[in-house]
Structure formats: structure tokens, C-alpha cells
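Chain by chain, the residues:
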Amino acid sequence: MKTCMLCLSAALAMLASLIHPAAAEVDISEVDACLTERLSAGRAPATCIDDAQSDCMRVDNEVPAVATLCFVEAEKKWQNGISGLMAQISDAAPDEIAAIAAIEVKYDLLSALLQCSRMEELSLTVGRDSEPAILRQNARCKSNAAGLSYARLYLRSRDLR
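Residues numbered from 1 in each chain as written. Predicted model: local features only at pLDDT ≥ 70, side-chain atom pairs only at ≥ 80, totals over all residues. Heavy atoms only, no water.

S.K.: Explain the pattern of salt bridges to me, please; I cannot follow it from the model alone.
M.R.: Pairing is possible between side chains that carry opposite charge, provided their charged atoms lie close to one another. Per the counting criterion, the structure on display carries 6 salt bridges. A salt bridge links Arg156 to Glu104; its shortest N-O distance comes to 3.8 Å. A residue pair is termed long-range when its members are at least 10 positions apart, and Arg156 in helix α7 (residues 131–156) and Glu104 in helix α6 (residues 95–126) qualify at 52 residues. The partly exposed category is assigned to Arg156, whose relative accessible area is 46%. For Arg156, the salt bridge identified is with Asp108, shortest N-O distance 2.8 Å. Placement of the pair is Arg156 in helix α7 and Asp108 in helix α6, with a sequence separation of 48 residues. (Salt bridge = Lys/Arg side-chain N within 4 Å of Asp/Glu carboxyl O. Helix = DSSP H or I, 4+ residues; strand = E, 2+ residues; numbered from the N terminus. Buried < 20%, exposed > 50% of the residue type's maximum accessible area, 1.4 Å probe, protein only.)

S.K.: Is there a simple way to think about the state of the cysteines in this case?
M.R.: Throughout this description, disulfide means a covalent bond between two cysteine sulfur atoms. Going through the model one piece at a time under the given rule, you end up with 3 disulfides. Linked covalently through their sulfurs, Cys34 and Cys48 form a disulfide whose S-S length is 2.0 Å. Between Cys34 and Cys48 the sulfur-sulfur dihedral comes to about -85°; the bridge is accordingly left-handed. Pair noted here: Cys34 is in helix α2 (residues 28–40) and Cys48 is in helix α3 (residues 47–52), with a separation of 14 residues, a long-range link. Residue Cys34 is classed as buried on the basis of its relative accessible area of 16%. Residue classification places Cys48 among the buried positions, given a relative accessible area of 2%. The disulfide partner of Cys56 is Cys70, and the gap between their sulfur atoms is 2.0 Å. Here the disulfide of Cys56 and Cys70 is left-handed, its torsion about the S-S bond being about -75°. Here Cys70 lies in helix α5 (residues 64–92) and Cys56 lies in helix α4 (residues 54–57), a separation of 14 residues in the sequence. Judged by its relative accessible area of 0%, Cys70 is buried. (Disulfide = S-S within 2.5 Å.)

S.K.: Which parts of the structure should I look at to understand the packing of α6 against α7?
M.R.: For any two helices packed against each other, the geometry is given by the interaxial angle and the distance between the axes. Taken N-terminus to C-terminus, the directions of α6 and α7 make an angle of 160°; their axes are 9 Å apart at the nearest point. Between α6 and α7, the crossing angle belongs to the class labelled roughly antiparallel. Of the two elements, α6 crosses α7, and the hand of that crossing is right-handed. Across the interface between the two elements, Ala101, Glu104, Val105, Asp108, Leu109, Ala112, Leu113, Cys116, Met119, Glu120, Ser123 and Leu124 of α6 pack against Ile134, Gln137, Asn138, Cys141, Lys142, Ala145, Ala146, Ser149, Arg152, Leu153 and Arg156 of α7. Its residues assigned to classes, the contact of α6 with α7 shows 13 nonpolar, 4 polar and 6 charged. (Axes fitted to C-alpha atoms, helices over the stretch in contact; angles between N-to-C directions. Parallel < 35°, antiparallel > 145°, perpendicular 65-115°, else oblique. Left-handed = near helix turned anticlockwise from the far one by under 90°. Contact = heavy atoms within 4.5 Å. Nonpolar A, V, L, I, M, F, W, Y, C, P; charged D, E, K, R; others polar.)

Structure (C-alpha cells):
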């Protein structure tokens, strides 16, 4: 009986490790360093966003809800990064420049999110993917939108911080 309980406990622990959601490991300071390095090396800085979200992208397609949650968490981290960067800009730059930066990042994000909405609506209308897969795609799109908006703001504001 005790052996069966140990086997059951081990099986449950293994199952829990398999279904444990991937954590969005977006580290804004690492992203900042990546953006600076890629820009100075003449390489595409947008790949820093993919690098930061690589844990979410590695989640198996068979568990789209786990990936969806990971991308939602990553989006929150990007949004927090945008807020923090805007606070730095507001402290360091004249009011007019800070207002321009806020407008630019707002519309960068809105235009990208509009494309996410369009892609989601098309996917739902065409109906080739399952709803969980569409939710995953939409969460990834929104996270990418926030990440790219952060990167643009960071790169545009280098001299303002």
C-alpha cells in the first residue's frame, strides 16, 4: 500500500511538472542590454523581443493554454517596462518631449494591437484553427506588440534618459 502511494505521488509530481505553466522570463534590463548591443552591432534589435519570450514560444502546441498564459504574463511585463520607461522620460525630458513620446508609444501599440485583432477575427471567421490555438496566436501577437512598442520607445529615447 505504501509503495502504491509513493508511485502515485511520483506520478502526480511528474504530471504537475509537465503541466506547470511556462513562466514569462522577460527581464527588461536584459532586453535593454540586448537592444543596445544589437543596435551598436548594426543588427536587427527586434530579435531581442523574441529572445525575451523564447520560453513562451517553446511551449508545445499541444498545450496552447499554457503558452497563452505565458504570453499574457510577458505582455504585462512589457507594459510595465513601457510605464517605467515613460516615467524615466517624464522625469528627464521637457514636458513637450515626454508628451510626444507618450503619443508615439500609444499609437505604436494601438496600431499593432489592431493588427492582432484583425488576425484573430480572420482566424475565427475562416475557422481553420481551434479556439485554443487562436487564443495562443492572439496572446503572442499582443505580447509581441507590447514588446516591439517597448523596443521602439527604448531606442527612440536613448538620449532622453
